[in-house]
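Here are the chains, one letter per residue:
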Amino acid sequence: MTLTAEPSTPESSLSKSAADEAALSKSSLSKSSLTESALLDSVPGLLYIGGEWVASESKATLTVSEPATGEVLKHIADASPTDGLRALDAAAASADEWAATAPRMRGEYLRSAFDLLQQRKDQFALLMTLEMGKPLSEAAGEVAYGSEFLRWFSEEAVRISGRYGQNPEGTGQIVVSQRPVGPSYLITPWNFPLAMATRKIAPALAAGCTVVVKPAELTPLTTLFVAKLFEEVGLPAGVLNVITTSRASDVSAPIIADPRLRKLSFTGSTSVGKVLIKQAASNVLRTSMELGGNAPFIVFGDADLDKAVEGALAAKFRNIGQACTAANRFIVHSSVAAEFGHRLTDRVNGFVIGRGTETGVTIGPLINDRAVDKADDLVQDAIARGANLLTGGHRSLRAGSFYEPTVITNVQPESTILREEIFGPVLSIVEFDNEDEAVAMANDTEYGLVSYVFTENLARGQRMIEKLDTGMMGLNVGVISNAAAPFGGVKQSGLGREGGAEGIHEYLSTKYTLIPN
Ligand code: NAD
C-alpha cells in the first residue's frame, strides 16, 4: 500500500474521478446513451487485489449470465485459492496503515464513494437488473438503500468512542478503547448485490479494517463496479480487495484458516453459515452471520386491511420474493382471511411478468431454474395437503426462469412451505383464532429474522414486540430495512447486526487498559 503522510484526499481523488466522469459521459456512460453493452464493458472483469486489476493466476474465467434470458453478460476472472490468499496478503499488508488513518479521512473516502455512486445510480440499477433480474424500479430502490450504508458509516467513522473512569477501589483509572478487529473476509449473496456488499464494506472500512470481499458467483458484477468506485475516489491500495470465483468453498477455506484473518462476515443461507461457523472456530474468528429467515406476517382481526394488503405485497413480492426478510407465512385471523386473500389476489393478478428492464414489469425472473422448481415443489406440496389455490401455481409460460405470482390459502400445518424459505413469488395463508395461537404459530420455526404485525390496537402491537422471537419487527409496515437501524436475527437467522450504531461494532474490538494512580 502506498499511503503517504499526505494521502491523496478523497476530495482530490473525487475531482480526478469527476474528470473521469466527464470523459465517460462523453463516451459510453452518459444517461442518455446508457446502453447495456457499454455498461457491461465498463465493469472490470478482473480481480481487484492490492489496488490492481488482475487476472486469475490460473487464467480461469467464469461466465455471468442474465436470469431473464439466459444470455451471457460477461466473462470475468475466476479466482483460485492462490488468488484468494494473494488478496488476503494485500489486506494484511495494508491493515496497520489503514487502522492508523484518521477516522475523518476514512469517513471521507466512504462519503466520496457515496457521492460517486449517486452519479452512477442509473448504471448500478441497470447492472443489478441485468445480473440479478429484479425490475429496474426495485433496483433503483436498492441503489438508494445500498448506497446509504456508505454515507451512514462515513458519519459513524468519527463516532468511535470509549470510556474513562475510576476503578471501584479508587486505585487507578479504567480506560476502555476500541480497536479495529483486523483483516476481514466478507462473503455476500446474490439477492441484493449492492446492499449486501456495502452493508459490510462500509462499517469495516469505517472501523479501520481492511477487507477481502467475495460476492456470489451469480451476481459478481455489481461488487466489481463498487471496487471501481473506491479505486476512483483514491482509496489506498490493499484496503479493499475483491475476488470473484466459482469455487467459493475451495477459495474461502484457506483464507478462513489463515491466522492473519481476524473477522468473517457472511450473508447467505443458514446451511452454509453453519459450515463457515465451524471453519471459523479453528481460528477463533469474530463472525457476523446474516442467515435465512421464515418471516411470519400476522394480520389481526382489528388490522387496517388496506395497510395490510399494501404491506403484504411489499413484504412478499419485492425482489420477486427472494429476500431473507420476505414474508414466508401469512398468519391471518379467520374473520378477515377470506377478504384479505381476495383483495391480494386481485392485486397479484395485475402484476406484469417480464425482463426487469422492460417498462411496467413488476415481477422479474427467479435467479435460476432450480429456484423455480423449488417454489413449484412447495406449492404443489401445499396443494396436495389441502391448500386452495387462488391464483398462479405454476411456472410461467414465458421462456426464462419465471414463476407465476401465486396466492394459496387454507395451508395445512404440516406443509413444507411453512418450514422452508420459499424464495419466490408465492404467498401462503394460514388462519388463526386467537392471539396466543398466532404467537405460537409465528414462533414455531428455527428461524428468527423478522416478523410483521398488522393491528390497530397499540397495546397488542406492543405485546407482539415482547412475544415474537425475531431480531426485527415491522408494525403495520411491510419493508423495514434501513441503514440507520440494526439489521439481524435471532435463533438460526444469525449472529450480530449490520447497520445502525451497532453495525460498526462488528468490526471493533474492545480494549481495556488499567492505569494505576
Ligand atoms: P448461499 O449460502 O448459497 O451463498 C451465499 C454466499 O456464500 C455466496 O457468495 C456463495 O458463493 C458463498 N458460499 C457458498 N458456499 C460456500 C462455502 N462452502 N464457503 C464459502 N462461501 C460459500 O446463499 P444465497 O443462495 O447466495 O443467498 C440466499 C440466502 O441468503 C437465503 O437463505 C437468504 O435468506 C440469505 N440472506 C440473508 C440475509 C440476511 O441479512 N439475513 C440477506 C440476504 C440473503
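Here the structure is a predicted model, which means the values were calculated and not measured.

Calculation criteria
Counting starts from 1 at the beginning of each chain's written sequence and moves along it residue by residue. This being a predicted model, a pLDDT of at least 70 is required before a residue's local features are given, and a value of 80 or more before pairs of side-chain atoms are given or counted; all residues contribute to the totals for chains, interfaces and linings. Remark: hydrogens and water are excluded; side-chain values derive from all non-hydrogen atoms of the structure. UniProt positions are given in the numbering used here, feature names are shortened, and annotations may be inferred rather than shown by experiment. To qualify as a helix, a DSSP run of H or I must reach at least 4 residues; to qualify as a strand, a run of E must reach at least 2; elements of each kind are numbered from the N terminus. Relative accessibility decides the category of a residue: with a 1.4 Å probe and only protein chains considered, values under 20% of the type maximum give buried, values over 50% give exposed, and everything between is partly exposed. Contacts: residue pairs with any heavy atoms within 4.5 Å of one another. Whether two strands pair comes down to DSSP finding at least two bridges between them. To define axes, lines are fitted to C-alpha atoms, for helices over the stretch in contact only, and angles between the resulting N-to-C directions are given on a 0 to 180 degree scale. A carboxyl oxygen of Asp or Glu within 4 Å of a side-chain nitrogen of Lys or Arg is what we treat as a salt bridge. What fixes the domain bounds is an automatic or database domain assignment. Buried area is understood as the total, over both parts, of accessible area removed when two parts are fitted together, assessed with a 1.4 Å probe.

A. Spatial organisation of the UniProt feature "domain: Aldehyde dehydrogenase" (unreviewed entry) in the chain. The feature "domain: Aldehyde dehydrogenase" (unreviewed entry), as annotated in UniProt, sits at residues 53–512 in this numbering. For residues 53–512, the helix share is 38%, the strand share is 20%, and the end-to-end C-alpha distance is 40 Å.

B. Main features of the UniProt feature "active site" (unreviewed entry) in the chain. If you check UniProt for "active site" (unreviewed entry), the listed places come out as Glu 290 in our numbering. Positionally, Glu 290 belongs in strand β11 (residues 286–290). Accessibility expressed as a relative area gives 2% for Glu 290, which makes it buried. Once residues lying within four places of it in the same chain are set aside, the contact partners of Glu 290 are Arg 199, Lys 200, Phe 266, Thr 267, Gly 268, Phe 487, Gly 488, Gly 489, Ser 493, Gly 496, Arg 497 and Glu 498.

C. Local environment of the sheet that holds strand β14 (residues 388–391). On the basis of which strands lie adjacent, the open sheet formed by 7 strands has the order β14-β15-β16-β13-β12-β17-β18 and mixed pairing. Where the open sheet ends on each side, the last strands, each with one partner, are β14 and β18 (472–475). Within the sheet, the average angular offset between the axes of one strand and its neighbour, ignoring direction, is 20°. One ladder, built from 4 bridges, connects strand β17 (residues 450–454) with β18; its direction is parallel. Residue pairing in the sheet places Ser 451 in a bridge with Met 473 of β18. Here helix α12 (residues 305–317) sits on the sheet and contacts β12 (295–299), β13 (327–333), β15 (406–409), β16 (426–432) and β17; the angle it forms with β12, its principal contact strand, is near 165°. Contacts from helix α15 (residues 435–443) reach β12, β13 and β16, with the element oriented near 140° to β16.

D. A look at the pattern of salt bridges. All chains considered together, the criterion is met by 28 salt bridges. As a salt-bridge pair, Arg 86 and Asp 83 come within 2.6 Å of each other at their nearest N and O atoms. Placement of the pair is Arg 86 and Asp 83 together in helix α3 (residues 81–93), with a separation of 3 residues, close to one helical turn. Look at Arg 86 and you get partly exposed, because its relative accessible area is 28%. Counted as one network, the salt bridges with shared partners bring together Asp 302, Glu 435, Arg 460 and Arg 463.

E. Up close: the domain arrangement of the chain. One can read the domain layout of the chain as domain 1 (35–292 + 499–506) and domain 2 (295–444 + 450–482). Using only C-alpha atoms to locate each centre, domain 1 and domain 2 end up separated by 31 Å. Of the residues lining the interface, 23 residues belong to domain 1; the matching set on domain 2 comes to 26 residues. Counting each side, the surface lost to burial between domain 1 and domain 2 is near 1,800 Å², with a carbon and sulfur contribution of 60%. Seen at the junction of domain 1 and domain 2, the total is 2 salt bridges. Residue Glu 66 is joined to Arg 355 by a salt bridge in which the shortest nitrogen-to-oxygen separation is 2.6 Å.

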